[in-house]
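Summary of structural features
Letter by letter, the chains look like this.
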Amino acid sequence: MNDTYTRGRDLSETLNPGMEQALEEKYGALLPGMPQSVVDFAYGQQYSRPGLALRDRYLATIAALTAIGGQTAPQLGINISGGLKAGLTQTEIAEVIWQMSLYGGFPAAINALNVALDIFHENRSA
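In this report, we go over the structure that sits alongside the text. (Residues numbered from 1 in each chain as written. Predicted model: local features only at pLDDT ≥ 70, side-chain atom pairs only at ≥ 80, totals over all residues. Heavy atoms only, no water.)

Here T61 lies in helix 4 (residues 54–68). Setting aside its immediate chain neighbours within four residues, T61 contacts Y47 and N79. Here Y47 takes part through its side chain, which lies 2.9 Å from a polar atom of the side chain of T61. A polar contact of 2.8 Å, which involves the side chain of T61, links it to the backbone oxygen of R57. (Helix = DSSP H or I, 4+ residues; strand = E, 2+ residues; numbered from the N terminus. Contact = heavy atoms within 4.5 Å. Polar contact = N/O pair within 3.5 Å; in protein donor to acceptor, adjacent residues only side chain to side chain.)

Okay, here's the thing in structure tokens:
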């Protein structure tokens, strides 16, 4: 195991427990090594980089996924959950989503707000 994979696995399990296993179950037979690549690159090489706080990386990710639009709803939900765990507030998440209405349009922002509301509700229910 390399350092970035180990660091990425630790971070992904903290923020999204079971994610690597879920990816393995869904895609592992079709794309061997894909789950480990996601953990290594996304969490080990990107989210854990120095120079930008984890919460700010999540803020940027939520903004980008919002601007891209509705097809990113599953990833947006995962990253909103991760952002909350990294210290973002519901207000900060809602504000960055609404800011993206300027760049991704009102439908993209409203769809993202609906994803956020679902995540916020799940967190209250848990």
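Our next topic: the nonpolar core. Counting residues in hydrophobic clusters, the biggest one holds 26 residues, and the most contacted among them are Y43, Y58, I62, L76, I80, I93 and I97. Top element by residues in this core is helix 8 (residues 106–125). It accounts for 6 residues. Those residues within four positions of Y43 in sequence are excluded, and the remaining contacts are G8, L11, S12, L15, N16, M19, V38, S48 and Y58. (Core = buried A, V, L, I, M, F, W, Y, C linked by side-chain atoms within 4.5 Å. Buried < 20%, exposed > 50% of the residue type's maximum accessible area, 1.4 Å probe, protein only.)

This paragraph deals with helix 5 (residues 73–85). For helix 5, which comprises 13 residues, the first-to-last C-alpha distance of 18 Å matches the rise-based estimate of 18 Å (1.5 Å per residue) to within 8%. All of the buried residues in helix 5 are L76, G77, N79, I80, S81, G82 and G83. Summarising the contacts, the buried residues of helix 5 are in contact with helix 1 (3–15), helix 3 (34–47), helix 4, helix 6 (90–99) and helix 8. Looking one or two residues beyond helix 5, the residue adopting positive phi is G87, at roughly 110°. (Expected span 1.5 Å × (residues − 1).)

So, on to the pattern of salt bridges. Enumeration over the complete set of coordinates arrives at 2 salt bridges. The residue E92 makes a salt bridge to R55 at a minimum N-O spacing of 2.6 Å. Highlighted residues: E92 in helix 6 and R55 in helix 4, separated in sequence by 37 residues. Relative accessible area serves as the criterion here: at 30%, E92 is assigned to the partly exposed category. Residue R55 is classed as partly exposed on the basis of its relative accessible area, which comes to 25%. Several salt bridges share partner residues, and in doing so they unite R55, D56 and E92 into one network. (Salt bridge = Lys/Arg side-chain N within 4 Å of Asp/Glu carboxyl O.)

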